[in-house]
Each structure stands twice: as C-alpha cells, then as structure tokens.
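# Architecture at a glance
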Amino acid sequence: MSYPIEVALRYLGSKKRAFISVGTTFAILGVALGVAALATVMSVTGGFQAEFREKVLGVNAHVLVIKYSTDFREYRSIMEQVSKVPGVVGVAPFSINPMMLTHGDATATGVLVKGVDPARSLGVGAEGASTAVLDLPRHILPGGDLAGLRRPGSKPAERAVPSLPEVPLLEPDAGAPSASAALAPDAGAEIDLLKAYEARILEDERAAAARDAALAPPTPRAAEAEGAPGAGAEEAEVALGEGAPRGAIEPQGGYGSVLPEDDELPPEVDPDPCADKEQIARMPGIVIGAALAKNLSLDLGQCVTVTSPTIGFSFANGAIKPPVAKRFRVIAIFEAGFEQYDTKLAYADLYETQAFYDQGDTVTGVEMKVDDIDSASGIAREISKLLGSGLYYTMDWEELNHGLFTALRIQQIGMSAVLALIIVVAAFTVIATLIMVVLDKKKEIAVLKAMGATDGAVLRIFLYQGGIIGVAGTTLGLLLGVAVCKGLLVYGFPLDPKVYFISRLPVQARPQEFIITGCIAILICLAATIVPSLYAARLRPAEGFRAQ
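The structure presented is a predicted model; accordingly, all values stated were derived computationally and were not measured.

Check the secondary structure of the protein and you find 20 helices and 11 strands. Burial statistics for the protein: of 548 residues in total, 37% are counted as buried. Long-range pairs, those at least 24 residues apart, make up 79% of the contacts in the protein between residues at least 6 apart in sequence. Only carbon and sulfur atoms are counted for the fraction: they give 60% of the accessible area of the protein, which is about 31,900 Å².

The next subject is the pairing of strand S2 (residues 88–103). Every regular strand shows the same layout, with side chains that alternate between the two sheet faces. Direction of pairing for S2 relative to strand S10 (residues 365–370): antiparallel, over a ladder of 6 bridges. Across the sheet, the residue bridging to Ala92 is Glu367, located in S10. Both S2 and strand S3 (residues 106–116) contribute to a ladder of 9 bridges, which runs antiparallel. Of the residues in S3, the one forming a bridge with Ile96 is Lys114. Where S2 folds back on S3, the antiparallel hairpin that results is connected by 2 residues, among which Gly104 adopts a positive phi of roughly 65°. Where S2 meets strand S5 (residues 303–307), 3 bridges bridge the pair, whose relative direction is antiparallel. Note that in S5 the partner of Thr102 across the bridge is Thr305.

Two numbers describe how helix H1 (residues 3–12) lies on helix H16 (residues 455–491): the axes approach to 8 Å, and their chain directions differ by 50°. The angle between the axes of H1 and H16 places the two elements in the oblique class. Here the hand of the crossing between H1 and H16 comes out right-handed. Between H1 and H16, the residues in contact are Tyr3, Pro4, Ile5, Val7, Ala8, Leu9, Tyr11 and Leu12 and Ala457, Arg460, Ile461, Phe462, Tyr464, Gln465, Ile468 and Ile469, respectively.

What follows deals with the environment of Ile383. Here Ile383 is to be found in helix H12 (residues 376–386). In this structure Ile383 comes out as buried when scored by relative accessible area, which is 0%. Setting aside residues no more than four positions away along its own chain, Ile383 makes contact with Val63, Val65, Val82, Val85, Val88, Met368 and Thr394.

Next up on the list: the environment of Cys485. Within the secondary structure, Cys485 sits in helix H16. When the C-alpha positions of Cys485 and Val44 are compared, they lie 8.2 Å apart, and in sequence the two are 441 residues distant. For Cys485, the contacting residues outside a window of four places in its chain are Thr40, Ser43, Val507, Ala509 and Phe514.

Our next topic: the nonpolar core. Formed by 59 residues in total, the largest nonpolar core has its most connected members in Val287, Phe334, Tyr347 and Ile383. Residue contributions to this core peak at 7 residues, all from helix H2 (residues 22–59). In contact with Tyr347, not counting residues within four places along its chain, are Val59, Lys114, Val116, Leu134, Leu136, Leu149, Gly285, Ile286, Val287 and Phe334. Ranked by size, the runner-up nonpolar core spans 20 residues in total, among them Ala108, Ala293, Val304 and Val306.

Turning next to the packing of aromatic side chains. In this structure the tally under the stated criterion is 4 aromatic pairs. Residues Tyr68 and Tyr393 carry aromatic rings whose centres are separated by 6.3 Å and whose planes lie at 50° to one another, so their mutual orientation is tilted. Of this pair, Tyr68 sits in the loop between strand S1 (63–67) and helix H3 (75–82) while Tyr393 sits in strand S11 (residues 392–396), placing them 325 residues apart in sequence. Note on Tyr68: relative accessible area 59%, which makes it exposed. Here the aromatic rings of Phe334 and Tyr347 are separated by 5.7 Å at their centres, their planes lie at 75°, and the arrangement is edge-to-face. Of the two residues, Phe334 is situated in strand S8 (residues 325–334) and Tyr347 in strand S9 (residues 345–349); the sequence distance between them amounts to 13 residues. Under the relative-accessibility criterion, Phe334 is labelled buried at 0%. Between the NZ or CZ atom of Lys114 and the centre of the ring of Phe94, over which it lies, the distance is 5.1 Å. For Arg150, the ring lying beneath its charged end belongs to Tyr351, and the centroid distance is 3.9 Å.

Attention shifts here to the pattern of salt bridges. Following the criterion strictly, the structure yields 11 salt bridges and no others. A salt bridge links Arg151 to Glu352, with the shortest nitrogen-to-oxygen separation between them at 3.1 Å. Here Glu352 lies in helix H11 (residues 350–354) and Arg151 lies in the loop between helix H4 (118–122) and helix H5 (185–215), a separation of 201 residues in the sequence. We classify Arg151 as partly exposed; its relative accessible area is 34%. For Arg409, the salt bridge is made with Glu398, and the minimal N-O distance between the two is 2.7 Å. With Arg409 in helix H14 (residues 402–440) and Glu398 in helix H13 (residues 397–400), the pair connects residues that are 11 residues apart, well separated along the chain. Since its relative accessible area comes to 38%, Arg409 is described here as partly exposed. A cluster of three or more residues bridged by salt bridges with shared partners is formed by Asp117, Arg150 and Asp349.

A contiguous nonpolar patch, built from Val22, Phe26, Leu29 and Leu476 and spanning about 390 Å² of accessible area, is present on the exposed surface. The element that contributes the greatest number of residues to the nonpolar patch is H2, accounting for 3 residues. One can find Leu476 in helix H16. The class of Leu476 is partly exposed, set by a relative accessible area of 41%.

Turning to helix H15 (residues 442–450), its buried residues are Ile445, Ala446, Leu448 and Lys449. One side of H15 holds all its buried residues, which, seen down the axis, span an arc of 160°. Following H15 by one or two positions, Gly452 adopts a phi angle in the positive range, close to 110°.

What counts, and at which threshold
- Residues numbered from 1 in each chain as written.
- Predicted model: local features only at pLDDT ≥ 70, side-chain atom pairs only at ≥ 80, totals over all residues.
- Heavy atoms only, no water.
- Helix = DSSP H or I, 4+ residues; strand = E, 2+ residues; numbered from the N terminus.
- Buried < 20%, exposed > 50% of the residue type's maximum accessible area, 1.4 Å probe, protein only.
- Contact = heavy atoms within 4.5 Å.
- Areas by Shrake-Rupley, 256 points an atom, 1.4 Å probe, with all protein chains shown as cover.
- Pairing = 2+ DSSP bridges.
- Axes fitted to C-alpha atoms, helices over the stretch in contact; angles between N-to-C directions.
- Parallel < 35°, antiparallel > 145°, perpendicular 65-115°, else oblique.
- Left-handed = near helix turned anticlockwise from the far one by under 90°.
- Core = buried A, V, L, I, M, F, W, Y, C linked by side-chain atoms within 4.5 Å.
- Phe/Tyr/Trp six-rings, centres within 6.5 Å; stacked < 30°, edge-to-face > 60°.
- Lys NZ or Arg CZ within 6 Å of the ring centre and 35° of its normal.
- Salt bridge = Lys/Arg side-chain N within 4 Å of Asp/Glu carboxyl O.
- Patch = residues over 30% accessible without salt bridge, like charges linked within 9 Å, V, L, I, M, F, W, Y side chains within 5 Å.
- Arc of directions from axis to C-beta.

Rendered as structure tokens:
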C-alpha cells in the first residue's frame with residue numbers, strides 16, 4: 001500500500017484516535033441519504049412505468065392496424081399480410097364501441113365493449129400453435145370460464161340492405177311522343193322512378209283523406225240527410241268506412257276511472273328473459289371488469305343488458321332504426337388492477353358486437369402480438385410500409401398510450417434530477433470536511449513536502465480521502481435503498497386507485513439503476529475533492545511552518 005492511501009486513511013480518523021472523525025461521519029451519512037433517496041425514487045418511478053405497461057398490455061395488443069374508414073370488411077386479407085411480418089406471433093380482428101350496461105336499477109354509461117375472436121384473441125379453443133393476442137386470461141378471477149364467449153353456430157353479421165318500393169311500369173299515352181326516348185337511358189330511369197314515387201304519394205294522400213273523412217264528426221247538412229227518406233243503413237256504413245269503430249267506445253270503468261300508479265306489465269304479458277335461467281343459459285357470454293361488476297351488482301351467470309348509446313332513432317344505411325339492446329350472460333370477471341379498465345371495459349364475441357350496427361362483417365381494426373415488446377415500434381413501421389396505401393394507420397402500444405408513458409418518463413427524469421441535488425449538497429459537506437482537514441494538517445503537509453513528497457502525491461492523498469468518503473457513503477446508501485425497496489414490496493404502501501389507477505405503490509429495483517446512481521454519486525464526490533486537493537498540493541513548506 002502506497003503512503004498516500006495510508007495517510008488518507010489516517011486523516012479519516014480523529015485526533016483522539018477514534019475510528020472515524022465526526023466530520024467524516026456526517027459527510028458519509030449525507031452521501032448515503034442522497035444515494036438512498038435517489039435509488040428509491042428511481043425504483044418507484046420505474047415501478048410505475050412497469051406497472052402501467054403490464055396493465056396496458058394485459059388488456060391491449062402490442063400493434064394495431066386501424067382503417068380510416070368505418071367499413072373494414074377486408075380485414076381477413078390484412079391479417080394474412082401482417083402475419084407474415086417477422087416478429088409477429090399472433091393476429092386477431094377486433095371491434096370496439098361505447099355502450100350502456102344495465103342490470104336491475106343500476107346503469108353504467110360510456111363502457112367500451114370490445115368484440116374479440118375467442119380463438120385468436122384469447123386462445124379459447126385454439127388449435128395448432130397459434131398464440132393468443134391478449135393476456136386477458138391471466139387476469140380472470142377464479143370461477144370464470146371463457147369457453148362460453150361464442151355460442152355454437154355463430155356467424156358473422158350480414159349487412160342490412162334497405163328495401164326500395166318496386167317501380168311500376170308506366171305506359172306512355174297513345175299518340176304522344178315518348179319523353180324518355182329523347183333522353184339518356186339513366187335519365188329515363190330517373191324520370192320513371194320519380195313518377196312512381198309521385199304516384200305512390202298521391203295514393204297515400206287519397207287514402208289518408210278518406211280515413212279522415214270517415215272519422216270526422218257529421219255536419220248539420222249530413223244530419224239532415226240522415227233524416228231524409230232513402231238514407232238507409234247501407235249508406236251510413238259506407239260513410240263510416242271499413243275498420244271504423246262501431247258501437248259504444250266508453251271504457252268499462254267510465255271516463256272517471258283512475259290509471260294505476262305502477263305501469264309495469266305483469267310477467268305473463270311481458271316476460272323478463274333475465275328471470276329465466278334457461279334463457280340466460282342460451283345468451284351470449286360477456287366478460288366485464290371487477291369494478292364494473294361491483295357497480296352493477298353483477299355476479300357470474302347473471303344477465304346484463306347492453307344498449308347502443310343512441311338517443312332516439314338513428315338513420316343508417318337508408319333505414320331508420322331504434323337503439324339496439326341485447327342481453328348477455330356474465331361468464332367471467334377480470335381484474336387488470338387498472339381502475340380505468342376495470343370500470344370501463346368489457347369483452348364480448350365479435351359476431352355479437354357486429355349486430356349492434358348494420359355494417360355487416362366489418363371490424364374496427366386488426367391487433368397483433370409481437371415476440372419482443374421493445375421492438376413493437378419497429379414492427380409497426382414495417383407494417384405501415386407494407387400497407388402503404390394510405391387507407392390504414394398503424395400504431396404500437398406505446399403510441400396508443402403516448403400521454404401516459406410520456407408523463408411517467410418526464411416524472412422520472414424530473415424527480416431524479418431534483419433528488420440528485422441531495423447528493424450535490426452532500427458533496428459540499430465533503431468539500432467542507434476536506435478543507436478543514438487541509439487547514440488542520442498544514443504542518444504535516446509541510447513536513448511531507450520537506451521530506452520530498454511531490455505535489456501529485458499530496459493531491460492523491462486528499463483525492464483518496466474524498467473517494468473513500470464517496471464509496472463508503474454510496475455503498476451505505478445503496479444498501480439502505482435496497483432495504484427501503486424491499487420494505488415497500490413486503491408491506492406495501494396503499495394508494496387511491498381512483499387517483500393513481502393502482503391500489504399499491506409499485507417498486508421495481510433494477511440493478512442497472514442502482515449502478516448508475518452509485519457511479520454518479522462517486523463522481524460527484526470525486527469532483528468535490530478537486531478544490532481542497534489542489535489547495536493542499538500547492539501548499540509550500542514555508543507556509544506550513546510559518547505559524548510555528
């Protein structure tokens with residue numbers, strides 16, 4: 001061992017031959033606290049990122065392909081193309097739409113019902129080596145069974161084609177020139193169609209006028225005509241018209257009867273399918289989140305009504321349609337641990353969700369699973385080049401949740417930078433300690449210089465001393481950080497899931513983050529020793545003995 005290290009170790013102790021001086025102790029503790037705080041915060045912020053990534057990937061795919069148009073009927077050919085891209089291990093179609101779920105008197109609005117292929121998306125009944133795209137089965141609570149998600153014999157929905165009235169053939173007037181002969185064929189067809197609609201409208205107006213005349217009260221002149229001779233019962237019946245009410249129309253209870261307060265129909269008139277276990281067993285399956293099941297008071301095997309969230313009637317594909325409501329049977333409940341998913345997400349068979357909209361066998365997009373999630377962005381760019389027609393948009397899981405992960409990354413960088421200032425403050429303690437040692441050891445430094453010690457040797461003495469303080473403080477701080485992280489993992493720190501979307505404080509103690517923290521702390525401590533070490537190295541022997 002060279003003498004600079006021996007002198008550095010001796011200067012760490014006190015004048016009373018104690019193992020370590022008080023100033024050195026506080027310097028080491030300052031560095032240790034800074035390192036422990038920085039390591040713990042980096043582990044917690046990294047835990048948030050890992051937790052959110054696990055929650056997001058637990059119910060979502062790695063790469064998505066979405067068409068700019070709502071008519072995505074060629075999804076099977078797209079699936080065949082993207083399945084050949086290297087790195088893609090699973091492909092499945094999906095549809096997602098906001099719905100309203102009702103059970104009893106409880107209602108949940110804004111619930112995203114995702115239609116999935118049970119075999120391709122969840123691996124239910126999959127044959128061969130196909131890989132499930134979603135990791136949803138890992139989050140299913142005990143008692144749930146995904147086998148009943150698709151009913152036997154289910155087929156894709158068919159597009160509803162609006163029916164138009166038949167166009168009657170109009171014969172031209174004899175001797176009159178045909179107007180359509182001078183026009184183009186398409187123009188003649190349009191004229192015939194307009195004439196047919198006009199004839200239909202006139203016929204409907206005449207029928208409505210006849211019904212109004214039959215139901216209108218008799219005028220005084222008509223009453224006189226009734227008393228005149230020759231006005232028989234046959235004419236009266238003709239005036240009333242067919243289907244007109246005859247006889248007394250007064251209700252049984254008279255006009256003073258009171259309607260019941262409860263307007264519910266009896267079960268024999270309007271039976272409730274959710275009250276019949278046999279009908280519930282034949283309903284299609286649905287998988288809902290644990291928080292959503294709690295809000296709706298739902299349990300396995302119970303019936304829930306899913307309604308399309310349209311207000312009143314809607315016009316689509318040339319037809320007017322009311323809101324669509326379907327009943328499903330709860331076959332499984334999942335708990336992703338992410339409040340946003342557990343309360344606002346449900347899964348059903350793709351064929352069943354297609355029936356809510358008269359679009360036929362169409363989907364929202366195609367989702368994929370890759371072998372390495374870190375390479376998802378590169379695979380997404382490759383798929384985008386493959387489907388370079390401008391009709392499709394490709395995104396990866398991180399882009400899908402860009403706002404969330406960007407905020408987490410900024411939070412990790414910001415908090416780490418702020419807490420790194422604690423190590424900088426501890427470095428000032430190291431500087432103060434070394435300056436005090438240099439001022440106290442001026443005579444010893446002068447003796448060493450007089451005995452032939454070089455400036456470099458004296459410089460290394462105090463560099464070694466600062467480095468020893470940094471290494472000791474960093475080692476103690478890393479051990480303390482590991483202990484804090486283990487304690488958080490064992491005992492946990494509760495969080496409000498409505499605010500943080502998770503119920504416990506996540507911690508992910510990664511070795512590389514601890515190594516980076518330790519290296520930064522040692523470098524800061526070494527940088528802090530430069531000024532005191534240079535001052536000691538430039539000290540002349542005469543200056544050291546001047547005070548004697």
